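Structure assessment
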Amino acid sequence: MIRLSFRQTMLAGFLIVVLFLGWAGVRGWLLLEQFARQSRTNSEQFLQLNGLVMELAELATELERSARQYQVLHDPAILARFGTQMARSLDTINRLDSLSIPALATPSAKWRKTANELAQSLRYVTIPEQLQVLLVELWESNAQLEAERRHWTDAEQEKALKKLEDGQLMLGQLIAVAVFSAFLVALVVSWWLSRPIGALEKAIKQLGENHLDEPIAVHGPADLRQVGHYLDWLRRRLIELEADRQRMLRHVSHELKTPLTALREGVALLDEEIAGPLEDSQREVVEILHDNAMVLQKRIEGLLQLNAAALDTRRLHYNPIDLKRLLQEVIQERELKIHSRHLQVIGDAPSAVVLLDVEKLRVILGNLLSNAIDFSPEHGHIQLQALLSGERLTISCRDEGPGVAAEDSDRIFEPFVQGQRHPPIPRKGSGVGLSIVRELITVMGGKINLITSGNTPGAHFEIELPCGAGDRHRQR
């Protein structure tokens, strides 16, 4: 089976369009050439016919003059001149008949017959009345020839005009058919090429959003199909790399956690002075070791959380949930921490049931609220608000803390990145909370934005998520 490439398909479509338009142009040129040739032929025939009829009229006048002179003078020279004129007349009649014009056949034959009878009358009969009758018939034949000539000329011109109009109509139809065919070919080629291009765009977006479960198949031109094969190979390669990354995180976390446990136990033994009393400088060193061991433990726990989140993003479980109830539960889970900081958390959400991955959304809201609590000053206000518009859910979280520095806004969602601005109380975080939030939101088909405003203090995060009605249940 022959499979055209993208370039070959474009070239074939262009050639077909050119063939259609060229065919219409050639047909139009042939029609115009045919009309021009017919016009030249008709013009030559019109001129020749007009000249022959005028010549017959002149010869009829000369024949009449010679006949009348011979009738009076009976001069043999006049009769000989009449004979010469008669011969010329018959030659003219023969040339007229050679034109093969059916309308002129009858008056031409009548003219010939009358001229012959006139010649016979001059030679053998000299009755003036009969001669006059023949001369009148001769002029009537001339008049009939002239009338038939005009009628035939007018008819031929009308036929030529009608043919021209038909040719114009045919040319218009040919152009319309050619343009429509060219448009149809362009439409088919565009459709043929847009399908695989759309599939490639979808596949690239699928890879960018880390949706690696669905195989990539592109149908269409051979080279675009090959690109689809490469993208599917890249998808499989990304799956392998992701598996290697997760396996490495698990191994590294395990390998670090085991010696860290021994290190913490040793530091605890030193701190409890099991091996003997400590001097002030030695206790300071022990405290440094203890603090750094705790930091390292937080980092390892962050790695484990990030790895667990990456694994969990492969599975989405959609269930109906009441938004207002969910926000209240997230706030109540952190009630003790909120009261200890004397904070006021305002949760505002419509009492609507939507279809979402509840557990992931709970983790997202929990991380955002925890960050807002840590960075808020005492007696501060935190606003957690959810808005529902059709099948689009928007959740915003605002606090009155120091906010996010401008130089950190582009990298605040990266793993283990902590901003330059610090919370009012000491906080030993691993810096993976916002990266987990972004990964969970991305796999749910949404996005998170850091809203910056020069006049409003604090940090403002806004989440957009697609959601469904609560009477349906989906699981992927």
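That block above? That's the structure.
Residues numbered from 1 in each chain as written. Predicted model: local features only at pLDDT ≥ 70, side-chain atom pairs only at ≥ 80, totals over all residues. Heavy atoms only, no water.

Of regular secondary structure, the protein chain possesses 10 helices and eight strands. Counting across all 476 residues of the protein chain, residues that qualify as buried make up 35%. Of the contacts formed within the protein chain by residues at least 6 apart in sequence, a portion of 73% connects residues at least 24 apart. (Helix = DSSP H or I, 4+ residues; strand = E, 2+ residues; numbered from the N terminus. Buried < 20%, exposed > 50% of the residue type's maximum accessible area, 1.4 Å probe, protein only. Contact = heavy atoms within 4.5 Å.)

Bringing helix H7 (residues 323-333) into the picture now. All of the buried residues in H7 are Leu 323, Leu 326, Leu 327, Val 330 and Ile 331. Buried residues of H7 fall within an arc of 130° about the axis and therefore sit on the same side. With respect to the buried face of H7, the exposed residues turned more than 90 degrees away are Arg 325 and Gln 332. With a side-chain oxygen positioned 3.0 Å from the backbone nitrogen of Lys 324, the residue opening H7 is Asp 322. (Arc of directions from axis to C-beta. Polar contact = N/O pair within 3.5 Å; in protein donor to acceptor, adjacent residues only side chain to side chain.)

Here we come to the packing of aromatic side chains. Scanning the entire structure with this criterion turns up one aromatic pair. Measuring from ring centre to ring centre gives 5.6 Å for Phe 46 and Trp 152, while their planes differ by 85°; the resulting arrangement is edge-to-face. With Phe 46 in helix H1 (residues 6-73) and Trp 152 in helix H4 (residues 128-208), the pair connects residues that are 106 residues apart, well separated along the chain. For the pair formed by Phe 46 and Trp 152, the shared burial category is buried. (Phe/Tyr/Trp six-rings, centres within 6.5 Å; stacked < 30°, edge-to-face > 60°.)

A word on the pattern of salt bridges. Opposite charge on two side chains permits pairing when their charged atoms draw close. Under the defined criterion, the tally for this structure stands at 19 salt bridges. The salt bridge involving Arg 95 is made with Asp 91; its shortest N-O contact spans 3.4 Å. Here Asp 91 and Arg 95 lie together in helix H2 (residues 76-97), a separation of four residues that amounts to about one turn. Among the residues examined, Arg 95 registers a relative accessible area of 35% and is labelled partly exposed. Given the relative accessible area of 41%, Asp 91 is considered partly exposed. Among the ionic pairs, Arg 235 bridges to Asp 232, the shortest N-O distance being 3.0 Å. Of this pair, Arg 235 and Asp 232 both sit in helix H5 (residues 222-271), three residues apart, roughly one helical turn. We classify Arg 235 as buried; its relative accessible area is 8%. Overall, Asp 232 belongs to the buried group, its relative accessible area being 11%. One network of salt bridges, in which partners are shared, links Arg 325, Glu 329, Glu 333, Arg 334 and Arg 362. (Salt bridge = Lys/Arg side-chain N within 4 Å of Asp/Glu carboxyl O.)

Looking now at the environment of Leu 289. Relative to the elements of secondary structure, Leu 289 occurs in helix H6 (residues 280-312). Given a relative accessible area of 39%, Leu 289 falls into the partly exposed group. Linking Leu 289 and Leu 263, residues 26 residues apart in sequence, is a C-alpha distance of 8.8 Å.

Attention shifts here to the packing of H7 against helix H9 (residues 358-375). The N-to-C vectors of H7 and H9 enclose an angle of 50°; their axes lie 10 Å apart at closest approach. By the angle between their directions, the pair H7 and H9 is classed as oblique. As for how H7 packs across H9, the hand of that crossing is right-handed. Across the interface between the two elements, Leu 326, Leu 327, Glu 329, Val 330, Ile 331 and Glu 333 from H7 touch Val 358, Leu 361, Arg 362, Leu 365, Gly 366 and Leu 369 from H9. A per-class count over the contact of H7 with H9 returns eight nonpolar, one polar and three charged. (Axes fitted to C-alpha atoms, helices over the stretch in contact; angles between N-to-C directions. Parallel < 35°, antiparallel > 145°, perpendicular 65-115°, else oblique. Left-handed = near helix turned anticlockwise from the far one by under 90°. Nonpolar A, V, L, I, M, F, W, Y, C, P; charged D, E, K, R; others polar.)

Time to look at the sheet that holds strand E2 (residues 344-348). The mixed open sheet is built from five strands, whose spatial order is E2-E4-E5-E7-E6. Unpaired on one side and paired on the other, E2 and strand E6 (447-450) mark the two borders of the sheet. The sheet shows a mean angle of 10° between the axes of neighbouring strands, taken without regard to direction. Taken together, the seven bridges between strand E5 (residues 392-398) and strand E7 (residues 460-466) define a ladder with antiparallel strand orientation. Note on E7: the bridge partner recorded for Arg 392 is Pro 466. (Pairing = 2+ DSSP bridges.)

This part is about unusual backbone geometry. One non-glycine residue with positive phi stands out, namely Ser 100, at about 55°. Here Ser 100 shows up in the loop between H2 and helix H3 (102-124). Unusually for a residue other than glycine, His 379 sits at a positive phi of about 65°. For His 379, a relative accessible area of 56% puts it in the exposed group.

Counting 46 residues, the largest nonpolar core has Ile 364, Leu 368, Ile 395, Ile 448, Phe 461 and Ile 463 as the members making the most contacts within it. Put simply, the parts of the chain that give this core at least two residues each are H7, strand E3 (353-356), H9, strand E4 (381-389), E5, helix H10 (433-443), E6 and E7. For this core, the element with the most residues is H9, which contributes eight residues. Excluding anything up to four places from it in sequence, Ile 448 contacts Leu 368, Phe 413, Val 437, Arg 438, Ile 441, Phe 461, Glu 462 and Ile 463. Listed in part, the 28 residues of the second largest apolar core include Phe 46, Leu 56, Ile 78 and Trp 111. (Core = buried A, V, L, I, M, F, W, Y, C linked by side-chain atoms within 4.5 Å.)

Moving on, we come to the packing of H9 against H10. Here H9 crosses H10 at 150°, and the two axes come no closer than 9 Å. One finds that H9 runs roughly antiparallel with respect to H10. As H9 packs across H10, the resulting crossing turns out to be left-handed. Residues Lys 360, Val 363, Ile 364, Asn 367, Leu 368 and Asn 371 of H9 form the contact with H10, whose own contacting residues are Gly 433, Leu 434, Ile 436, Val 437, Leu 440 and Ile 441. A class-by-class count of the residues in the contact of H9 with H10 yields eight nonpolar, three polar and one charged.

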